Amino acid sequence: MSLVDMRRIVMITEEIFHDGGPRSARPPRRGVIGALVKNPYAGHYEADITPMMEALKPLGMELTQRLVAALGGDAKAVEAYGKGAIVGAAGELEHGALWHVPGGYSMREVLGEAKAIVPSATKLAGVGARIDIPLHHINAAYVRSHFDAIEFCAPDGPRDNEIAFILAMSTGGRVHARVGGLQTHQIKGEDGLR
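Let us look at the structure shown here. Just so you know, these numbers come straight off a predicted model, no measurement behind them.

A few points about the overall build of the protein
Part 1: Within the protein one finds 4 helices and 7 strands.
Part 2: Overall, the protein shows an N-to-C arrangement of helices and strands of β-β-α-α-β-α-α-β-β-β-β.
Part 3: On C-alpha atoms alone, the protein measures out to a radius of gyration of 17 Å, which is about the 16 Å that the 2.2 N^0.38 rule sets for 194 residues.
Part 4: By its C-alpha atoms, the protein is 50 × 35 × 25 Å across when sized along the principal axes.
Part 5: In the protein, of all internal contacts separated by at least 6 residues, the share reaching a separation of at least 24 is 78%.
Part 6: For the protein, the exposed area adds up to about 9,400 Å²; of that, 50% sits on carbon and sulfur atoms.
Part 7: A gap of 7 Å separates the mean positions of the 21 positive and 22 negative side-chain charges of the protein.

And the structure:
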């Protein structure tokens, strides 16, 4: 029996034309996708939860591919990413950490071996909880124009015995970014920071 019993996928996409300033010549597209999955460890303490991390790898790849397709289908156009999880009330925060490898490594693989760490947010919450998934540049975490977040919510989840595993991506930075710092054309991409 598979450890991954998925009930639902929720995806939200948006295109940002302006944020009160001039209309962008290249409006960034952002999206967030999450799968509501039964938590096999809900309601009890399990010492070894790592088998589920391995079992989640195909889900990480599926969600990554779906989100890239929803943002236009060109993985090379994606400039920012992030991940997260909402663990239902019968679980524990550590269950959300199961997503670090399957979610993060799937995005890195599909997006071309991105260098920067995938920012993450995880929380324990009930049905209808909202979470802001952090975003930053895929190759250089210090690119200020790409510091952002996108909200995820599944109105009927996560249930007490579920986890929402979430990925987020954007094809650009903030639409009117102008606070300086490292620019995208200055990225060296050697260490994931600059």
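Picking up after the structure, the text goes on.
Some words on unusual backbone geometry
Part 1: Omega for the peptide link from Gly157 to Pro158 comes to 0°, which places this bond in the cis form.
Part 2: Considering the arrangement of structural elements, one finds Pro158 in the loop between strand S6 (148–153) and strand S7 (162–170).

What to know about the nonpolar core
Here is a general trend for soluble globular proteins: nonpolar side chains tend to be buried in one another's company.
Part 1: Ranked by size, the top nonpolar core spans 30 residues in total, and within it Leu56, Leu59, Tyr81, Leu111, Phe165 and Met169 carry the most contacts.
Part 2: The residues touching Leu56, leaving out its near neighbours within four places in the chain, are Val4, Leu98, Trp99, Pro102 and Phe165.
Part 3: Core analysis: the next-biggest nonpolar cluster, separate from the first, contains 17 residues, Ala80, Ile131, Ile133 and Ile150 among them.

A look at the packing of aromatic side chains
Part 1: According to the stated counting rule, one finds 1 aromatic pair in the structure shown.
Part 2: The interplanar angle of 35° and the centroid separation of 5.0 Å between the aromatic rings of Trp99 and Phe165 together place this pair among those described as tilted. Of this pair, Trp99 sits in the loop between helix H3 (93–96) and helix H4 (100–110) while Phe165 sits in strand S7, placing them 66 residues apart in sequence. This pair shows no difference in class: Trp99 is buried, exactly as Phe165 is.

Observations concerning the environment of Glu151
Part 1: Looking at the element boundaries, Glu151 is found in strand S6.
Part 2: Engagement of the side chain of Glu151 in a polar contact is seen with the side chain of Arg130, the distance being 3.0 Å.

Focus on helix H2 (residues 57–70)
Part 1: For H2, spanning 14 residues, the distance from its first C-alpha to its last is 20 Å, which sits close to the expected 20 Å at 1.5 Å a residue.
Part 2: Along H2, the residues classified as buried are Leu59, Gly60, Met61, Leu63, Thr64, Leu67 and Val68.
Part 3: Where the residues of H2 are buried, they touch strand S1 (6–15), strand S2 (29–38), H4 and S7.
Part 4: After H2 finishes, the residue Gly72 shows a positive phi value of roughly 120°.

Conventions and cut-offs
Residues numbered from 1 in each chain as written. Predicted model: local features only at pLDDT ≥ 70, side-chain atom pairs only at ≥ 80, totals over all residues. Heavy atoms only, no water. Helix = DSSP H or I, 4+ residues; strand = E, 2+ residues; numbered from the N terminus. Rg over C-alpha atoms; globule rule 2.2 N^0.38 Å. Contact = heavy atoms within 4.5 Å. Areas by Shrake-Rupley, 256 points an atom, 1.4 Å probe, with all protein chains shown as cover. Lys, Arg positive; Asp, Glu negative; His and termini not counted. Charge placed at Lys NZ, Arg CZ, Asp CG, Glu CD. Core = buried A, V, L, I, M, F, W, Y, C linked by side-chain atoms within 4.5 Å. Buried < 20%, exposed > 50% of the residue type's maximum accessible area, 1.4 Å probe, protein only. Phe/Tyr/Trp six-rings, centres within 6.5 Å; stacked < 30°, edge-to-face > 60°. Polar contact = N/O pair within 3.5 Å; in protein donor to acceptor, adjacent residues only side chain to side chain. Expected span 1.5 Å × (residues − 1).

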